[in-house]
Amino acid sequence: MYIKINQVTDWVAEIVDFDCASMTPETTREVEESFKRNHVLAFRDQSMTPSELSAFAKKFGPLETPINQLYVHPESSDVLILSNEIRTDGTAVGVVDGGDGWHSDSSHMKSPAKATILQSIKNPDIGGDTLYCNMELVLNALPSSTRKRIAGRFGVHNVSKLLNPRMTLSAKRPDAQEFYQKAAATKPSVLQPMIRTHPATGVQSLYVSPRFTIAIEGMSENEAQPLLDELFAYISDEKFQYRHIWSDNDVVMWDNRCLNHKATGNLAPGDIRRMHRTVLSGDEAF
Ligand SMILES: [Fe+2]
């Protein structure tokens with residue numbers, strides 16, 4: 001073994017004494033192997049530039065083009081800035097409301113994200129954690145009657161918060177109304193299997209989220225919305241979760257094919273959180 005793995009939970013690990021910016025083919029392969037067994041991998045003390053972050057992420061496959069071009073990093077168009085910082089002229093440094101509801105990244109796209117690699121640049125003193133929910137455990141915990149109701153069904157996923165009564169627009173994000181109005185008009189809903197099979201491991205998981213799943217195909221609203229509420233309640237159950245408490249220069253890579261995640265927020269007034277995000281492209285879900 002070239003890499004040292006510190007197992008944090010059954011499905012979360014830290015890769016220790018590791019430099020993301022100088023990966024070899026051998027260490028890349030071992031990280032990929034570890035990523036099949038773990039849904040979250042954390043690398044501490046990685047002071048990568050945006051270009052280095054992009055190069056690191058590309059070792060694992062092609063990257064998605066960030067959906068919000070307003071906030072890509074000037075040094076690398078692969079890197080999206082997530083930040084609550086507002087400049088004196090009222091403009092935002094990054095996406096202010098990133099990750100503010102449970103979701104799997106880009107499940108609103110026909111071919112959703114395989115993985116996300118997030119680097120912490122500046123952490124707040126309080127708050128700013130990320131929660132991960134293991135959707136394989138959730139699926140296994142469902143009563144058989146519920147599982148039967150969703151088997152073979154497809155969720156309707158849409159990126160626009162304006163089409164999702166479970167979400168509200170962040171008052172702190174100046175472009176939110178315009179962005180989601182345009183998204184509602186130009187980005188049609190996509191269908192995703194409610195039970196998804198992981199392409200690398202063959203393990204099934206529940207593939208819905210309060211952020212993006214707005215309906216169930218072929219099911220009336222009266223039936224679908226309570227069913228979605230029932231499913232979403234599981235995601236909020238701590239026994240299926242891991243909480244990542246960030247330090248500056250942490251890099252975390254997570255598997256969107258079997259997890260939901262959420263930014264917890266709760267920053268003290270005036271405190272700053274800034275992250276750099278890259279997303280690995282994935283294949284159509286099945
Ligand atoms: Fe996300």
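A brief structural summary.

Here is what the cut-offs are and how they apply
Residues numbered from 1 in each chain as written. Predicted model: local features only at pLDDT ≥ 70, side-chain atom pairs only at ≥ 80, totals over all residues. Heavy atoms only, no water. Salt bridge = Lys/Arg side-chain N within 4 Å of Asp/Glu carboxyl O. Helix = DSSP H or I, 4+ residues; strand = E, 2+ residues; numbered from the N terminus. Buried < 20%, exposed > 50% of the residue type's maximum accessible area, 1.4 Å probe, protein only. Donors = N, O, S within 2.8 Å, 3.2 Å for Na, K, Ca; no water. Pairing = 2+ DSSP bridges. Contact = heavy atoms within 4.5 Å. Axes fitted to C-alpha atoms, helices over the stretch in contact; angles between N-to-C directions. Disulfide = S-S within 2.5 Å.

Here the focus is the pattern of salt bridges. For the structure shown, the criterion picks out 15 salt bridges. For Lys58, the salt bridge identified is with Asp78, shortest N-O distance 3.0 Å. Pair noted here: Lys58 is in helix α2 (residues 50-58) and Asp78 is in strand β5 (residues 76-83), with a separation of 20 residues, a long-range link. The class of Asp78 is buried, set by a relative accessible area of 17%. Among the salt bridges present, the one from Glu223 reaches Arg149, with a minimum N-O distance of 3.5 Å. In this pair, Glu223 sits in helix α6 (residues 221-235) while Arg149 sits in helix α4 (residues 144-150), placing the two residues 74 residues apart along the sequence. Taking relative accessible area as the criterion, Glu223 reaches 35% and is therefore assigned partly exposed. Since its relative accessible area comes to 35%, Arg149 is described here as partly exposed.

With that out of the way, let us pick up unusual backbone geometry. The phi dihedral of Asp17 falls on the positive side, at around 50°, and the residue is not glycine. Considering the arrangement of structural elements, one finds Asp17 in the loop between β2 (12-16) and α1 (25-37). The exposure class assigned to Asp17 is exposed, which follows from its relative accessible area of 67%. The residue Asn266 is not glycine, and still its phi comes out positive at about 60°. Within the fold, Asn266 resides in the loop between β15 (259-263) and β16 (274-280).

Next up on the list: the coordination of the iron ion. Looking at the iron ion, one finds its protein donor set to be His103 (NE2), Asp105 (OD) and His261 (NE2), positioned 2.1 to 2.2 Å from the metal centre. Along the chain, the residues that donate to the iron ion are spaced as H-x1-D-x155-H. With a gap of 156 residues between them, Asp105 in the loop between β5 and β6 (115-122) and His261 in strand β15 connect regions that are remote in the sequence. Per residue, the accessibility class of Asp105 equals that of His261, and both read buried.

Paired through their backbone hydrogen bonds, the strands of a sheet run either parallel or antiparallel. The mixed open sheet is built from 8 strands, whose spatial order is β1-β2-β3-β14-β6-β16-β5-β4. Bordering the open sheet on either side are β1 (4-9) and β4 (72-73), each of which pairs with just one other strand. One ladder, built from 4 bridges, connects strand β3 (residues 40-43) with strand β14 (residues 251-255); its direction is antiparallel. If you follow Leu41 over to β14, its bridge partner there is Met253. Taken strand by strand, α1 contacts β1, β2, β3, β6 and β14, and its axis lies near 135° from that of β3. Relative to the sheet, α2 contacts β3, β4, β5, β6, β14 and β16, its axis offset from that of β5 by approximately 110°.

The next subject is the sheet that holds strand β8 (residues 154-157). Pairing is antiparallel across the open sheet formed by 3 strands, whose spatial order is β9-β8-β12. Two strands bound the open sheet, and with one partner strand each, they are β9 (190-193) and β12 (213-216). Ignoring which end each strand starts from, the neighbouring axes of this sheet average 40° apart. Sheet topology places β8 next to β12; 3 bridges connect them, and they run antiparallel. Among the inter-strand pairings, His157 is bridged to a residue of β12, identified as Thr213.

Chemically, a disulfide is nothing more than a covalent bond linking the sulfur atoms of two cysteines. Tallied over the entire structure, the rule returns 0 disulfides. Left unpaired, Cys20 is separated from the closest cysteine sulfur, that of Cys258, by 20 Å. The thiol of Cys258 is not disulfide-bonded; the next cysteine sulfur, from Cys133, is found 10 Å away. For Cys258, a relative accessible area of 1% puts it in the buried group.

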